[in-house]
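Notes for the structure review
Single-letter residue listing:
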Amino acid sequence: MFFSQQKMRKRILGAVALLLAVHAAAQNPLPEYRAPQDDGVVSERGVPSRAIGAQLTLLVPDHTGLTRLAQPTLWWFASGPIEEAELSLWQGDIPVLTKPLRRLRAGLHSITVQKGEAHLQPGTVYEWRMRVQGEHGGVATVASGRIARQETRVNDDVSALARAGLWYDAIDAISRQIDRQPRSQQLRRQRVALLRQIGLHSVAGEDEAYLPLGLQASLPATLFHAGDPVWLTLACDKPCYLRITHLGADNQRVQVWPNAILQANLLPAGQPMRFPLPGSAMVLRASSPFGRESFDIEAASAQFPLPQIQPLPNGFFPVPKAAYPASRANQPLGTYQSLTLTYRTAE
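Notes on the structure follow. Everything numeric in this text was worked out from a predicted model, so none of it was measured.

A few words on the sheet that holds strand β5 (residues 82-91). The strand order across the open sheet built from five strands is β3-β9-β8-β5-β6, with neighbouring strands paired in mixed fashion. In this open sheet, the two edge strands, each paired with only one partner strand, are β3 (65-67) and β6 (94-104). Each neighbouring strand pair of the sheet contributes to a mean axis angle of 25 degrees, computed without reference to strand direction. Bridging between β3 and strand β9 (residues 141-149) involves three bridges; their strand directions are parallel. Bridge assignment links Thr-67 to a residue of β9, and that residue is Arg-149. Packing of helix α3 (residues 167-180) onto the sheet brings it into contact with β3, β8 (125-132) and β9, and relative to β3 it is tilted by some 70 degrees.

As structure tokens, this is what we get:
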């Protein structure tokens with residue numbers, strides 16, 4: 001098999017890009033949070049501020065989180081704007097710090113405790129609360145988390161902090177790095193990993209919107225003879241909906257999935273699957289006319305609508321030429337991805 005200089009250059013550049021990505025991932029592995037000994041106290045999370053149509057979530061684990069700092073930084077997430085709130089820090093029944101907050105935008109927020117405001121003592125468990133005032137004098141809602149200071153020497157590396165069980169320091173370190181490099185996918189993956197490890201999946205989804213879906217697809221061969229079964233192996237880094245169209249050697253295009261018979265097309269994250277499913281009644285086989293054929297695989301965070309046309313007898317939907325490729329939406333990173341697999345068929 002021979003390649004032109006242009007094709008060879010593209011392959012070399014692609015291999016270099018892959019090596020660089022692998023090297024970057026090796027240099028920045030996903031952090032593993034190791035929770036300290038549970039003190040039996042469960043932190044309250046995700047209390048909805050229903051009076052103003054927003055939800056406030058503290059970035060805290062479901063146990064007492066640790067910090068090595070006397071003046072730590074506290075992080076929370078608001079899914080919508082909040083007009084009035086109050087942050088407070090308590091030692092038992094004694095308020096140590098109270099801060100009124102106004103006009104919070106949607107997104108992540110943080111406050112660093114200042115030296116003149118409070119000083120966390122080692123071994124003492126504190127509780128910090130976010131109180132959101134209801135609209136028009138409505139009932140306030142409160143979310144709370146627990147924090148304790150542990151005197152230890154750990155460097156500022158996010159993974160080292162997470163392994164040491166220093167939740168507040170780890171989430172603060174990665175969040176500050178993202179603030180400095182908001183386009184870094186690797187940094188956002190690290191924060192997603194931390195948030196998912198403590199069950200804050202909805203907040204992790206905010207970062208995942210900046211990450212590609214990570215669609216992967218492959219064929220078992222590039223040449224199929226008449227009667228050979230043809231299938232695809234599919235995987236995605238994030239949960240996604242799939243749409244697969246086939247372009248035959250006769251230049252006719254059909255949507256093979258979802259189809260009139262099999263409409264369930266949600267692919268769970270990180271779980272490779274085969275299409276058609278082994279043992280199912282649906283089988284794809286190489287048949288005439290023979291020649292160059294391809295599959296276009298699309299992945300999206302939202303469901304694809306079924307074509308409003310009459311399906312073929314096998315359940316597939318014909319795709320009019322005028323509807324393709326215009327049907328491919330120009331959607332932002334993290335919500336849409338597509339790729340094409342090309343192969344040949346012969347007698």
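Turning next to the pattern of salt bridges. Applying the stated criterion across every chain yields a total of 16 salt bridges. For the salt bridge of Arg-103 with Glu-83, the shortest nitrogen-to-oxygen distance reads 3.4 Å. Taken together, the residues span a long stretch of sequence, with Arg-103 in strand β6 and Glu-83 in strand β5 at a distance of 20 residues. For Arg-103, a relative accessible area of 66% translates into the label exposed. We note a salt bridge from Glu-127 to Arg-146, for which the minimum N-O separation is 3.3 Å.

Attention now moves to the packing of aromatic side chains. Each aromatic ring pair is specified by the distance between its two centres and by the angle formed by the two planes. Here the structure, examined in full by the defined rule, presents four aromatic pairs. With a centroid separation of 4.7 Å and an interplanar angle of 10 degrees, the aromatic rings of Trp-257 and Phe-275 are classed as stacked. Residue Trp-257 is located in strand β14 (residues 253-257), and its partner Phe-275 is located in strand β16 (residues 273-275); the two are separated by 18 residues in the primary sequence. A single burial state applies to Trp-257 and to Phe-275, both of which are buried. On the numbers, 5.6 Å between centres and 20 degrees between planes, the contact of Phe-295 with Tyr-343 is stacked. Note that Phe-295 is positioned in strand β17 (residues 291-300) and Tyr-343 in strand β19 (residues 336-346), a separation of 48 residues in sequence. An aromatic cluster is built from Phe-224, Phe-295 and Tyr-343, whose rings are joined through pairwise contacts.

Interhelical geometry of helix α4 (residues 185-197) versus helix α5 (residues 201-208) gives an angle of 170 degrees and a closest axis separation of 8 Å. On the basis of the axis angle, α4 is roughly antiparallel to α5. Contact with α4, carried on its side by Arg-188, Arg-191, Val-192, Leu-195 and Arg-196, involves His-201, Val-203, Ala-204, Asp-207 and Glu-208 of α5 and no other residues of that element. When the residues that make up the contact of α4 with α5 are grouped by side-chain class, the tally is four nonpolar, one polar and five charged.

The subject of this paragraph is the nonpolar core. Of all hydrophobic cores here, the largest spans 51 residues; its most connected members are Trp-76, Leu-87, Trp-128, Met-130 and Leu-194. The element best represented in this core is α3, accounting for seven residues. If we ignore the near neighbours within four places in the chain, the residues touching Met-130 are Leu-56, Leu-58, Trp-76, Ala-85, Glu-86, Leu-87, Leu-101, Thr-141, Val-142 and Ala-143. Among the nonpolar cores identified, the runner-up in size contains 27 residues, and Met-282, Leu-284, Ala-286 and Phe-316 belong to it.

There is about 550 Å³ of room inside the largest pocket. Lining the largest pocket are 30 residues; nearest its centre among them are His-246, Leu-284, Arg-285, Asn-314 and Phe-316. Those elements that provide at least two residues to the lining of the largest pocket are β14, β17 and β19. Grouping the amino acids of the lining of the largest pocket by side-chain chemistry returns 19 nonpolar, eight polar and three charged. Its volume calculated, the second largest pocket comes out at about 300 Å³. Mapped by element, the contributors of at least two residues to the lining of the second largest pocket are β4 (73-78), β7 (107-112), α3, α4 and α5. Element by element, the count of residues in the lining of the second largest pocket is highest for α5, at three residues.

Reading the values: rules and limits
Residues numbered from 1 in each chain as written. Predicted model: local features only at pLDDT ≥ 70, side-chain atom pairs only at ≥ 80, totals over all residues. Heavy atoms only, no water. Pairing = 2+ DSSP bridges. Helix = DSSP H or I, 4+ residues; strand = E, 2+ residues; numbered from the N terminus. Axes fitted to C-alpha atoms, helices over the stretch in contact; angles between N-to-C directions. Contact = heavy atoms within 4.5 Å. Salt bridge = Lys/Arg side-chain N within 4 Å of Asp/Glu carboxyl O. Buried < 20%, exposed > 50% of the residue type's maximum accessible area, 1.4 Å probe, protein only. Phe/Tyr/Trp six-rings, centres within 6.5 Å; stacked < 30°, edge-to-face > 60°. Parallel < 35°, antiparallel > 145°, perpendicular 65-115°, else oblique. Nonpolar A, V, L, I, M, F, W, Y, C, P; charged D, E, K, R; others polar. Core = buried A, V, L, I, M, F, W, Y, C linked by side-chain atoms within 4.5 Å. 1 Å grid on protein atoms, 1.4 Å probe; cavity = no way out; pocket = protein on both sides within 12 Å on 5 of 7 lines; lining within 4 Å. Points joined across faces, edges and corners; volume = space filled by probe spheres on them.

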